[in-house]
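Each chain, written out:
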Amino acid sequence: MTTEVAVGKCHVCRQKDATSVAYSCNDCVNRLIRLVREIVVYATLILPFMVEPGRGMTGRMSPGYGPHSPARDDVIAALDPRSLAGDVDEHGDAVTRRPDDAGSWVASIPGRLRYLADAIAEERDESRPGGNLDTDADYVTRNAWWLGGQDWVDDAVGDLTELHHMARQLAGDAPQRALGACLTVTCDGQVHWAGVGKPAQCKACKRTYDGLDLVRLEAAQETAACPPTTKAG
């Protein structure tokens, strides 16, 4: 049974008190679970059928990847990290984080989930079932509340949020409307997507949003839409 404690603001959204688990609010743990489940849906039920380019699509991803096939290289790279040079390191392992010098990057969906599942298992000092995306995702969701009690939960949710938005964009499911108002105090601009593999960006001040910034942008919009009620005096 989980003991309810209050230890300050949630490390993920910074909008609510961290309760039930040490570093995250209940909503952000539930958000983590939802993100993983929806990423699996995109990776197994939607994106595999979008490898072939549709009308008006070139199949190309970002510059610098060499010759392009008739298929959608961006989707192939997202589903299979070994499909393109640069998606694996010198040991043949999936590259799971955006290179600092890359303006656009298509991450490996199975590689990212495997990386997170391995990190959880290492911290918990336990072996885990592995071998495919479903078992990796199941392991992460089964340990979601444990993860909410770790001081690196914000990094995990930030990475999953970025991966989820990338999958939505690849599927053509990303909303075209503004993601929300810029979080910079002195800016009144709106944040929009910049394209697949690129972070979102404020049209006014050009601040970029990816990872944890996307989580906090979403949380800020939720808070603005549902302001806290005040008790009658």
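To be clear, the structure that these remarks concern was listed above.
About the thresholds
- Residues numbered from 1 in each chain as written.
- Predicted model: local features only at pLDDT ≥ 70, side-chain atom pairs only at ≥ 80, totals over all residues.
- Heavy atoms only, no water.
- Phe/Tyr/Trp six-rings, centres within 6.5 Å; stacked < 30°, edge-to-face > 60°.
- Lys NZ or Arg CZ within 6 Å of the ring centre and 35° of its normal.
- Salt bridge = Lys/Arg side-chain N within 4 Å of Asp/Glu carboxyl O.
- Helix = DSSP H or I, 4+ residues; strand = E, 2+ residues; numbered from the N terminus.
- Buried < 20%, exposed > 50% of the residue type's maximum accessible area, 1.4 Å probe, protein only.

(A) Spatial organisation of the packing of aromatic side chains. Applying the stated rule across the entire model yields one aromatic pair. Geometrically, the ring pair formed by W146 and W152 is edge-to-face, given 6.4 Å between the ring centres and 75° between the ring planes. Across the ring face of Y139, the terminal group of R128 is positioned such that the distance to the ring centre comes to 5.7 Å.

(B) Fine view of the pattern of salt bridges. What the rule picks out here adds up to eleven salt bridges. As a salt-bridge pair, E218 and R34 come within 3.5 Å of each other at their nearest N and O atoms. With E218 in helix 7 (residues 212-225) and R34 in helix 1 (residues 26-46), this residue pair connects regions lying 184 residues apart in the sequence. Residue E218 is classed as partly exposed on the basis of its relative accessible area, which comes to 26%. The salt bridge partner of D136 is R128, with a shortest N-O separation of 2.7 Å. You can call D136 buried: its relative accessible area is 1%. R128 gets classed as buried once you look at its relative accessible area, which sits at 18%. Residues joined by salt bridges that share partners form a network here, namely R31, R34, E38 and E218.

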